[in-house]
Amino acid sequence: MHTLYYSPGAASMVVHWLLIELGIAHELSLVDFESRAQKSAAYLALNPNGVVPTLVIDGRPHTEAAALLVHLADTHPAARLSPPVDAPRRLDFLAWMFHLANVVQPLFRMWWYPHEPAGEGCEEAVHGATRARIEAEWALIDAHLGQHGPYLLGEYPCAADFYLTMLMRWSRNMPKPATAWPNLEALAGRMKALPSFHALYEREGLAEWA
């Protein structure tokens, strides 16, 4: 049994989604951000960074959404959501996972919390620079999908497409969301059509961007 510590729509969302997609038995434990439960002593004992997700497997807590996605996909090879370690596309898969985790996702942290990188009073400048960088990423990924798609690795989806879809959802209220790019919009439509996506929304009580 797996136990996922989550907050609806947060970075835990994509791990929850993959658990559903892969049919992995799991329990959910809500981390209430409004009461700052993620900073409680009990939760910090599981995840010292005080963020979600935390996935407890066989009694041991594990963190980092991208790492969890790779692990879940690798340990359920029948779903073909990650290339085998000796497959030609394995390095491409890992490159996309690292790019989304190291480049794209941190930009959203800066967008939502602009005072963190630059201090109070600099929010407007941070928003302008961050928006430009996020939109540049969407343009880069959209061009890749147009040339090599319809999914990141080609004909079939992989765990990185689930990850990308969550990040696209996060842009939904930005001045120019990811779906303003045609190939990203098409990918989002295909991913949102999955039964697991609808189950995810029901279980997390989500409505936006359905």
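A quick note: this is a predicted structure, and the numbers were derived from the prediction, not measured.

Draft legend 1. Seen up close, unusual backbone geometry. Of note, the amide linkage connecting V52 to P53 takes the cis form, showing an omega dihedral of 10 degrees. Looking at where P53 falls in the secondary structure, it is placed in the loop between α2 (41-44) and β3 (54-57). In this structure, the amide linkage connecting G149 to the following residue, P150, adopts the cis form with an omega of 20 degrees. For P150, the position within the fold is in the loop between α6 (123-148) and α7 (159-170). At D58, a position not held by glycine, the phi torsion is positive, near 55 degrees. At W209, a position not held by glycine, the phi torsion is positive, near 65 degrees. Within the secondary structure, W209 is located in the segment after α9 (195-204). Given a relative accessible area of 16%, W209 falls into the buried group.

Draft legend 2. The arrangement of the packing of aromatic side chains in detail. Inspection of every chain in the model, using the stated rule, returns eight aromatic pairs. Both rings, one in W17 and one in F197, keep their centres 5.2 Å apart while their planes meet at 65 degrees; by these two values the pair is edge-to-face. Here the residue W17 occupies a position in helix α1 (residues 12-22), and F197 occupies one in helix α9, the gap between them amounting to 180 residues. Considered together, W17 and F197 belong to a single accessibility category, that of buried residues. Three or more aromatic residues joined by ring pairs make a cluster, and in this case those are W17, F162, F197 and Y201. For the cation-ring pair, K192 lies above W209, with the distance from its terminal atom to the ring centre recorded as 4.2 Å.

Draft legend 3. Highlighting helix α8 (residues 182-192). Within α8 the residues assigned to the buried category are L184, L187, A188, M191 and K192. Buried residues of α8, viewed axially, fall in a sector of 125 degrees; they line one side. Of the surrounding elements, those touching the buried residues of α8 are α1, α6, α7 and α9.

Draft legend 4. Just the packing of α7 against α8, in detail. Running from amino to carboxyl end, α7 crosses α8 at an angle of 110 degrees, the nearest separation of the two axes being 10 Å. In terms of axis orientation, α7 runs roughly perpendicular to α8. Between α7 and α8, the contacting residues are D161, F162, L164, T165 and M168 on the first element and L184, L187, A188 and M191 on the second. Looking at side-chain class alone, the contact of α7 with α8 contains seven nonpolar, one polar and one charged residues.

Draft legend 5. The arrangement of the packing of α1 against helix α3 (residues 65-74) in detail. One can describe the packing of α1 onto α3 by two numbers: an axis separation of 9 Å at closest approach and a directional angle of 10 degrees. Relative to α3, the element α1 lies roughly parallel. Here V14, V15, L18, L19 and L22 of α1 come into contact with α3, specifically with A65, L68, L69, L72 and A73. In terms of residue class, the contact of α1 with α3 is built from 10 nonpolar, no polar and no charged.

Draft legend 6. Examining the sheet that holds strand β1 (residues 2-6) more closely. Spatially, the four strands line up as an open sheet ordered β2-β1-β3-β4, and their pairing is mixed. Each edge of the open sheet carries a strand with a single partner, namely β2 (26-30) and β4 (60-63). Pairs of neighbouring strands in the sheet enclose a mean axial angle of 25 degrees, with direction left out of account. α1 contacts β1, β2 and β3 of the sheet and is inclined by roughly 150 degrees relative to β1.

Draft legend 7. Region of interest: helix α4 (residues 90-112). Its 23 residues give α4 an end-to-end C-alpha distance of 33 Å, which sits within 8% of 33 Å, the value for a rise of 1.5 Å per residue. A bend of about 35 degrees at L100 is the largest found in α4. The complete set of buried residues in α4 reads R90, F93, W96, M97, L100, V104, L107, F108 and W111. Considering only its buried residues, α4 is in contact with α3, α6 and α7.

Criteria and cut-off values
Every chain is numbered on its own, with residues counted from 1 as its sequence reads. Local features in a predicted model are, by the rule used here, given only for residues with pLDDT of at least 70; side-chain atom pairs are given and counted only at 80 or more, and totals for whole chains, interfaces and linings are based on all residues. With hydrogens and water stripped out, all remaining heavy atoms of the structure feed into the side-chain values. Every helix listed is a DSSP run of H or I at least four residues long, and every strand listed is a run of E at least two residues long, numbered separately from the N terminus. For every residue, the accessible area obtained with a 1.4 Å probe (protein chains only) is divided by the maximum for its type, and the residue is called buried under 20%, exposed over 50%, and partly exposed between those limits. Pairing of aromatic rings covers Phe, Tyr and Trp, the last counted by its six-membered ring, and requires centre-to-centre distances within 6.5 Å; plane angles under 30 degrees mean stacked, over 60 mean edge-to-face, and any other angle means tilted. Any Lys NZ or Arg CZ that is within 6 Å of a ring centre and within 35 degrees of that ring's normal is treated as a charge sitting over the ring. The arc in question is traced by the directions running from the helix axis to the C-beta atoms. Residues count as neighbours in contact if any of their non-hydrogen atoms are within 4.5 Å of one another. For helices, the fitted axis covers only the stretch in contact; all axes are lines through C-alpha atoms, and the angles between them, taken along N-to-C directions, range from 0 to 180 degrees. Relative orientations are named as follows: roughly parallel for angles under 35 degrees, roughly antiparallel for angles over 145 degrees, roughly perpendicular for angles from 65 to 115 degrees, and oblique for any other angle. For this classification, the nonpolar set comprises Ala, Val, Leu, Ile, Met, Phe, Trp, Tyr, Cys and Pro, the charged set comprises Asp, Glu, Lys and Arg, and every other residue, Gly included, is treated as polar. DSSP bridges decide pairing: two strands pair if at least two such bridges lie between them. Helix span is expected to be 1.5 Å times the residue number reduced by one. Take the seven residues that end at a residue and the seven that start at it, fit an axis to each, and the angle between those axes is the bend at that residue.

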